[in-house]
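A look at the structure
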Amino acid sequence: MSMADRAGAPPRAWQRMLSGRRLDLLDPSPLDVEIEDIAQGIARVARWNGQTVGAHAYSVAQHSLLVEAIAGRMEAGLSASDRLAVLLHDAPEYVIGDMISPFKAVIGGDYKVVEARLHGAIHLRFGLPAKLPGALTRLTKRADIVSAYFEATLLAGFEEAEAAKYFGRPNGYPLDSDPSWRALLEPWPADTAQQRFLERFFAIDAAR
């Protein structure tokens, strides 16, 4: 094919994964979703655009583990399937990256459309409903906001008053009383985040 022929071709809308899968962003198939690809990607995507303290970026994989832990505390009777959905709440970012909220607002609705399609394919791949129940979506959002407050104040340089303005001040979540939470807020190397995310995924999946 000549350069001219290629120039007239539609733009490529798929990404090749290390597993060998080719995921179409415009029409993602659950059959092309692999948990190892998700873990690989989100362990290397930085929260806060990398503007965090420490020797390593605070990854989306590590954030996902924290949000799932917080959601489990908010709802002690959370089922394994619900925990899996919370753990995967940012899974589309293995393809589209983690855009900060101000930039999402600038881009508008197209980002949300692509994200929703990817989320639906990921959910179906792992036996979850394409669209989650409203109560679970709201719980995940609440846990995500609590996580954002702690990440902002402990990692991203926000003053407590500033973080409270944007995320609210969480009550009833003393980090010192739960060392496991504190550990989830100490940035890990990418390979550690990847492995621990996979371990948690398989543990929850086995409990189903």
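No experiment lies behind these values; they were computed from the predicted model shown.

Basis of the calculations
- Residues numbered from 1 in each chain as written.
- Predicted model: local features only at pLDDT ≥ 70, side-chain atom pairs only at ≥ 80, totals over all residues.
- Heavy atoms only, no water.
- Helix = DSSP H or I, 4+ residues; strand = E, 2+ residues; numbered from the N terminus.
- Expected span 1.5 Å × (residues − 1).
- Buried < 20%, exposed > 50% of the residue type's maximum accessible area, 1.4 Å probe, protein only.
- Arc of directions from axis to C-beta.
- Contact = heavy atoms within 4.5 Å.
- Core = buried A, V, L, I, M, F, W, Y, C linked by side-chain atoms within 4.5 Å.
- Salt bridge = Lys/Arg side-chain N within 4 Å of Asp/Glu carboxyl O.
- pLDDT = per-residue confidence, 0-100.
- Phe/Tyr/Trp six-rings, centres within 6.5 Å; stacked < 30°, edge-to-face > 60°.
- Lys NZ or Arg CZ within 6 Å of the ring centre and 35° of its normal.

**Overview of helix α11 (residues 190-207)**
For α11, which comprises 18 residues, the first-to-last C-alpha distance of 26 Å matches the rise-based estimate of 26 Å (1.5 Å per residue) to within 8%. Turning to α11, its buried residues are Ala193, Gln194, Phe197, Leu198, Phe201 and Ile204. Angularly, the buried residues of α11 cover 135 degrees about the axis, an arc narrow enough to put them on a single face. Turned more than 90 degrees from where α11 packs its buried face, Asp191, Ala206 and Ala207 sit exposed. Buried-residue contacts for α11 involve α2 (35-42), α3 (60-74) and α4 (80-87).

**A short note on the nonpolar core**
One finds Ile38, Leu88, Tyr94, Phe126 and Phe197 to be the most contacted residues of the largest nonpolar core, which totals 57 residues. The dominant element in this core, judged by the number of residues it contributes, is α3, at eight residues.

**A closer look at the side chain of His119**
Mapping His119 onto the fold places it in helix α7 (residues 109-125). With relative accessibility at 17%, the residue His119 sits in the buried group. Ignoring any residue separated from it by four or fewer positions in sequence, one finds His119 in contact with Leu88, His89 and Pro92.

**Focus on the environment of Phe150**
The residue Phe150 is located in helix α8 (residues 134-154) in this model. A sequence separation of 13 residues divides Phe150 from Ala163, and the C-alpha atoms of the two residues are 8.5 Å apart.

**So, the pattern of salt bridges**
Pairing is possible between side chains that carry opposite charge, provided their charged atoms lie close to one another. Tallied over the entire structure, the rule returns eight salt bridges. Of the charged contacts in the structure, one is a salt bridge between Arg200 and Glu68, with a shortest N-O distance of 2.8 Å. Here the residue Arg200 occupies a position in helix α11, and Glu68 occupies one in helix α3, the gap between them amounting to 132 residues. Looking at Arg200, the relative accessible area reads 29%, which means it is partly exposed. For Glu68, a relative accessible area of 4% corresponds to the buried category. A salt bridge links Arg169 to Glu160, with the nearest nitrogen and oxygen atoms 3.5 Å apart. We classify Arg169 as partly exposed; its relative accessible area is 45%. Within this structure, Arg21, Glu34 and Arg125 form a network of salt bridges that share partners.

**A closer look at the confidence of the model for the protein chain**
Model confidence for the protein chain is summarised by a mean pLDDT of 89, while 87% of its residues fall at 70 or above. In this model residues 1-5 is a low-confidence stretch, pLDDT under 50, and it forms one contact with partners more than four residues away in sequence or in other chains.

**A word on the packing of aromatic side chains**
We describe a pair of aromatic rings using the distance from one ring centre to the other and the angle between the two ring planes. For the structure shown, the criterion picks out six aromatic pairs. Relative to Phe201, the ring of Phe126 lies with its centre 5.1 Å away and its plane at 70 degrees, an arrangement referred to as edge-to-face. Placement of the pair is Phe126 in the loop between α7 and α8 and Phe201 in helix α11, with a sequence separation of 75 residues. Judged by relative accessible area, Phe201 falls into the buried class, the value being 3%. For the pair Tyr149 and Phe150, a centre-to-centre distance of 5.6 Å together with 75 degrees between the ring planes defines the contact as edge-to-face. The pair formed by Tyr149 and Phe150 is uniform in burial state, with each residue classed as buried. An aromatic cluster of at least three residues, connected via ring pairs, comprises Trp48, Phe158 and Phe167. When the ring centre of Trp14 is taken as origin, the NZ or CZ atom of Arg22, which lies over that ring, is 4.2 Å away. Note that Arg196 overlies the ring of Trp188, its terminal NZ or CZ placed 4.5 Å from the centroid.

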